[in-house]
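The primary structure of each chain is shown beneath.
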Amino acid sequence: MARPSRWSEERNALREQANWIVGWLRLNGPASTIEIITALEREGREVRAHILQRALRKSPFIHQKGRTEGEKGKVSIWEWRVEE
């Protein structure tokens with residue numbers, strides 16, 4: 001009897017979305033959270049807070065560079081970086 005895959009289609013789509021965010025930051029960073037959301041919308045991708053948080057907080061390559069004042073208050077600036 002074949003064992004079902006742990007990776008459902010939805011889970012694969014969520015992981016791919018998080019990977020897209022990390023890849024976009026690698027090419028276009030550093031960028032603010034608002035700039036990342038704008039890039040997602042421009043690409044026609046769904047903006048989901050938990051995926052954005054997973055990509056920014058759990059990736060070993062994404063680091064918070066600082067904070068800056070945005071239109072609606074302080075926003076984080078994120079960058080792609082490999083720490084040695």
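Residues numbered from 1 in each chain as written. Predicted model: local features only at pLDDT ≥ 70, side-chain atom pairs only at ≥ 80, totals over all residues. Heavy atoms only, no water.

**Some words on the overall build of the chain**
- Summing up its helical and strand segments, the chain has three helices and three strands in all.
- Listing the helices and strands of the chain from first to last along the sequence gives α-β-α-α-β-β.
- Each principal axis of the C-alpha distribution contributes one length, and for the chain these read about 55 × 35 × 20 Å.
- Looking at the chain as a whole, 32% of its 84 residues are labelled buried.
- Of the contacts made within the chain by residues no fewer than 6 positions apart, 43% connect residues no fewer than 24 positions apart.
- Just so you have it, the chain exposes about 6,400 Å², and 48% of that area is on carbon and sulfur atoms. (Helix = DSSP H or I, 4+ residues; strand = E, 2+ residues; numbered from the N terminus. Buried < 20%, exposed > 50% of the residue type's maximum accessible area, 1.4 Å probe, protein only. Contact = heavy atoms within 4.5 Å. Areas by Shrake-Rupley, 256 points an atom, 1.4 Å probe, with all protein chains shown as cover.)

**A short note on the packing of aromatic side chains**
- Counting across every chain of the model gives one aromatic pair.
- Look at Phe61 and Trp80: their rings are 5.6 Å apart centre to centre, the planes differ by 20 degrees, and that puts the pair in the stacked class. Of the two residues, Phe61 sits in the loop between α3 (49–58) and β2 (62–70) while Trp80 sits in strand β3 (residues 73–80), which places them 19 residues apart along the sequence.
- According to the relative accessible area criterion, Trp80 is partly exposed, its value standing at 26%.
- Between Arg26 and the ring centre of Trp80, over which it is positioned, the NZ or CZ distance is 4.4 Å. (Phe/Tyr/Trp six-rings, centres within 6.5 Å; stacked < 30°, edge-to-face > 60°. Lys NZ or Arg CZ within 6 Å of the ring centre and 35° of its normal.)

**A word on the pairing of β3**
- When you tally the buried positions in β3, you get six out of eight residues, the bulk of the element.
- In terms of strand pairing, strand β1 (residues 31–32) meets β3 through two bridges, oriented antiparallel. The residue bridging Ala31 from the neighbouring strand is Trp78, located in β3.
- Pairing geometry for β2 and β3, over eight bridges, is antiparallel. The residue bridging Gln64 from the neighbouring strand is Trp78, located in β3.
- Linking β2 back to β3 in an antiparallel pair, the connection comprises two residues. (Pairing = 2+ DSSP bridges.)

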